[in-house]
Amino acid sequence: MKIIRATEYNDMSRKAANIISAQVILYPDSVLGLATGSTPLGVYRQLVDWFRKGDIDFSKVHSVNLDEYVGLAPEHPQSYHYYMNENFFRHINIKPENTNVPNGLAEDIDAECARYDKLIADLGGIDLQLLGIGHTGHIGFNEPDQDFDKMTHKVKLNQKTIEANARFFNSVDEVPKYAITMGIKAIMQAKKILLVANGEGKAEILDRALFGPVAPAVPASILQLHPDVTVVADEAALSVIQKNHPEALM
Ligand code: GLP
């Protein structure tokens, strides 16, 4: 695992965007695994900027998003479909038919999960998976204490996650209680993983995820077992690691 230290949010965003950009320049037909949340927003902004300058071409890229709320239509401003279109897809030249987000309105959620796993397999797997980390240590929507061997599945959101995400909704009651997420097993099958984190609020959980025991209590801890993980985090998010494992920081 490589840990890349960034000074602050914009620096984290640029460094992570550089890694994605290199992937797409080297392999224009890459399959990118994409994430939502507030952390990757700057990464998408930077990639859009480089696209506008003519530095990156997404015309052959396929994308696969990690998760989606159950019950939100793609047009709902808090759906992850909407987030991806607004913050990334509509600003670049990726083909809409090459973008994939789980369908939170599917009547048969289990069939939708199976379809999603098949779609990823048919694309030849994910070349580079971008991840944020939740306050509970979740990746995608894989909350603590779930099995590590799950592919795409439906999850009940943890109360802490619902409260953390309530800031995007009018009230906590509007936050969906369920989501579809790629499971830990599906995420671990990505060839490369790029995890981004910023701010003091992530410092404790980042330390537990990267240096604590590998256990379902901290879902992101499984990444310690992946052969190709790069973490790009700012000083604030690295502050506990800086204290406990200074030798790990470059
Ligand atoms: C959500 C998403 C995760 C994301 C996490 C952290 O719950 N499903 O993919 O990593 O929030 O979000 P943020 O980056 O806003 O802290």
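In this report, we go over the structure that sits alongside the text. Please read all numbers here as calculations on a predicted model, not as lab measurements.

## Considering the sheet that holds strand β9 (residues 192-197)
And step 1. Spatial strand order, β1-β10-β9-β6-β2-β3-β5: seven strands in an open sheet with parallel pairing. Every other strand in the sheet has two partners, leaving β1 (2-6) and β5 (99-100) as the edge strands with one partner each.
And step 2. As paired strands, β9 and strand β10 (residues 229-234) are joined by five bridges and run parallel to one another. From the neighbouring strand, Val-196 faces β10, where its bridge partner is Val-232.

## Observations regarding the site of the ligand
And step 1. Surrounding the ligand, one finds 14 residues, the nearest of these being Ser-38, Thr-39, Asp-67, Phe-141 and Lys-202.
And step 2. Between an oxygen atom of the ligand and a side-chain N or O atom of His-138, the distance comes to 3.1 Å.
And step 3. Between the ligand and Gly-140 there is a distance of 3.2 Å, counted from a nitrogen atom to a backbone nitrogen or oxygen.
And step 4. Class assignment for the residues of the shell around the ligand results in three nonpolar, eight polar and three charged.

## Some words on the packing of aromatic side chains
And step 1. Under the counting rule described, the total for this entry stands at 10 aromatic pairs.
And step 2. Seen from their ring centres, Tyr-44 and Tyr-83 are 6.3 Å apart, and the 75 degrees between their planes marks the pair as edge-to-face. One end of the pair, Tyr-44, is in helix α2 (residues 41-52); the other, Tyr-83, is in helix α3 (residues 80-87), with 39 residues separating them in the sequence.
And step 3. An aromatic cluster of at least three residues, connected via ring pairs, comprises Tyr-44, Phe-51, Phe-58, Tyr-69, Tyr-80, Tyr-83, Phe-88, Phe-89, Phe-141 and Phe-169.
And step 4. Over the ring of Tyr-178 we find Lys-154, and its NZ or CZ is 4.5 Å from the ring centre.

Conventions adopted
- Residues numbered from 1 in each chain as written.
- Predicted model: local features only at pLDDT ≥ 70, side-chain atom pairs only at ≥ 80, totals over all residues.
- Heavy atoms only, no water.
- Pairing = 2+ DSSP bridges.
- Helix = DSSP H or I, 4+ residues; strand = E, 2+ residues; numbered from the N terminus.
- Near = heavy atom within 4 Å.
- Polar contact = N/O pair within 3.5 Å; in protein donor to acceptor, adjacent residues only side chain to side chain.
- Nonpolar A, V, L, I, M, F, W, Y, C, P; charged D, E, K, R; others polar.
- Phe/Tyr/Trp six-rings, centres within 6.5 Å; stacked < 30°, edge-to-face > 60°.
- Lys NZ or Arg CZ within 6 Å of the ring centre and 35° of its normal.

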